[in-house]
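The chain contents come next:
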Amino acid sequence: METGAYDENWADIHMFPEQSVQAHLDVRGRVMLPIHNTTFDLSYHVWNDPLLRAEQEARRLGVDFLCPKIGQKVLLSELKVSGQERWWDENEKAHKV
């Protein structure tokens, strides 16, 4: 689910992180896998803000959230949400979800 750069001025183009979680629920996804994030500095927010906000909203709504490192392979048959490294959280480098 697209969870990347956002701004009030382009609300019709890029979803806010909370909207991305809601879109995941709307399409009845099993595990939310955020994409289109942390690669380009397109907005004024901090690079990891979309992931921090999406993860928080996913937790609030009981959505399984899986965010592999850039380039990390994910096998759909082996999706593992619990125990993933929260690499996007600079304050909790080795924190487990």
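Counting of residues starts from 1 at the beginning of each chain's written sequence and follows it residue by residue. The predicted origin of the model limits local features to residues at a pLDDT of at least 70 and limits the giving and counting of side-chain atom pairs to 80 or more, whereas totals for whole chains, interfaces and linings rest on all residues. Values shown for side chains rest on all heavy atoms present in the structure; no hydrogens or waters enter the calculation.

Caption draft 1: Spatial organisation of the packing of aromatic side chains. Two aromatic rings, drawn from Phe, Tyr or Trp (for Trp, its six-membered ring), form a pair once their centres lie within 6.5 Å of each other, and the interplanar angle then sorts them: stacked below 30 degrees, edge-to-face above 60, tilted otherwise. The full count for this structure, using the stated rule, is four aromatic pairs. A centroid spacing of 5.0 Å and a plane angle of 45° characterise the contact between Tyr6 and Phe16, whose relative ring orientation is tilted. Of this pair, Tyr6 sits in the segment before α1 (17-26) while Phe16 sits in the segment before α1, and the two are ten residues apart along the sequence. An identical accessibility class is assigned to Tyr6 and Phe16; each is buried. An angle of 20° between the planes, with centres 6.3 Å apart, marks the rings of Trp47 and Trp87 as stacked. A residue pair is termed long-range when its members are at least 10 positions apart, and Trp47 in the loop between α1 and α2 (49-61) and Trp87 in the segment after α2 qualify at 40 residues. The rings of Trp47, Phe65, Trp87 and Trp88 are connected pair by pair, giving a single aromatic cluster. To qualify as a helix, a DSSP run of H or I must reach at least 4 residues; to qualify as a strand, a run of E must reach at least 2; elements of each kind are numbered from the N terminus. Accessible area is worked out with a 1.4 Å probe on protein chains only. A residue is then buried under 20% of its type maximum, exposed over 50%, and partly exposed in between.

Caption draft 2: Seen up close, the pattern of salt bridges. Whenever Lys or Arg places a side-chain nitrogen within 4 Å of a carboxyl oxygen from Asp or Glu, that contact is recorded as a salt bridge. The tally for this structure, following the rule as stated, stands at six salt bridges. Between Arg86 and Glu55 there is a salt bridge whose closest N-O contact spans 2.5 Å. Highlighted residues: Arg86 in the segment after α2 and Glu55 in helix α2, separated in sequence by 31 residues. Just as Arg86 is buried, Glu55 falls in that class too. Salt-bridge contacts for Glu57 lead to Arg60; the nearest nitrogen and oxygen are separated by 2.9 Å. Of the two residues, Glu57 and Arg60 are both situated in helix α2; the distance of three residues between them amounts to about one turn of the helix. Overall, the relative accessible area of 60% leaves Arg60 in the exposed class.

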